[in-house]
Amino acid sequence: MRALLGVELPGYRPVDNDAWANDDGDVLSLHYFGLPPDLPAALEDGPTLRNTLTHWTAQAGGGLIEASVKRLGGLPALRQILKVPLPQQAHGQVFIGSFTVPRAGCSTVVKIQAPERGMTGMREAVVLAKLGPDQYFRPHPYAPEVQGGLPFHAADHARWDTEFPDHPLTRVRQTLDALAEAVTADPGFAALAPFEGPVEPAPRD
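Reading the values: the criteria
- Residues numbered from 1 in each chain as written.
- Predicted model: local features only at pLDDT ≥ 70, side-chain atom pairs only at ≥ 80, totals over all residues.
- Heavy atoms only, no water.
- Helix = DSSP H or I, 4+ residues; strand = E, 2+ residues; numbered from the N terminus.
- Expected span 1.5 Å × (residues − 1).
- Buried < 20%, exposed > 50% of the residue type's maximum accessible area, 1.4 Å probe, protein only.
- Contact = heavy atoms within 4.5 Å.

Draft legend 1. Molecular detail of helix α4 (residues 168-182). If you check α4, its first and last C-alpha atoms are 21 Å apart, about what 15 residues at 1.5 Å a residue would give, namely 21 Å. Regarding α4, the residues found buried are P168, L169, T170, R171, V172, R173, T175, L176 and L179. Of the surrounding secondary structure, the elements contacted by the buried residues of α4 are β4 (27-33), β5 (63-72), β6 (75-85), β7 (93-102), β8 (107-115) and α2 (122-131).

Draft legend 2. A look at helix α1 (residues 46-59). The end-to-end C-alpha distance of α1, which contains 14 residues, comes to 20 Å, matching closely the 20 Å that a straight helix rising 1.5 Å per residue would cover. Those residues of α1 that sit buried are G46, L49, T52, L53, T54, W56, T57 and A58. The first or second residue beyond α1 is G61, which carries a positive phi of 95°.

Draft legend 3. Local environment of the environment of A155. In this structure, A155 sits in the loop between α3 (133-136) and α4. What makes A155 buried here is its relative accessible area of 0%. Spatially, the C-alpha atoms of A155 and A21 are 26 Å apart, while their sequence positions differ by 134 residues. Those residues within four positions of A155 in sequence are excluded, and the remaining contacts are R123, E124, V127, Y136 and W160.

On their own, these measurements won't tell you what the molecule is for.
Below you can see the structure in the form of structure tokens.
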């Protein structure tokens, strides 16, 4: 089921079913899941949602950068940006942005993945030198107690995007903004019962 329309953004070429890539190596993809959404709380319960997602991401070895509830195609959606280590490499990260549009019995996700290429860590090094360690490393605003995963730090803030216009994190934010403008929802998907939260708490080992 193609629940979202208009995902094929300018500058992206098809590489697979519901997957597109651009010249930077970023991959845009659309997914449909015919199961109740695997979200830890209702979209209206922002603190629980963000806290739990922060822990889930850290447990998977990554770091949650942003999570907020926005509208996509006229429907409420969870917008996330996270970072994970580049697979099988000692350095570098992949930045992943997504919109998850949950309904009561299913969900759809549009995702952008942007890997670091070439020299890595330049954005972090420049911001660290400007701010100093005390201002650079910070407790996670969603879950100050979180342990493990990739650290939360100032260089991931959107305020630095203009200084690093070609950085993959900047491109992820730009792509999410473009999707928010371009995407519409299939009327049949939009007519489904809304997601009101998990039926039971969603445990994670």
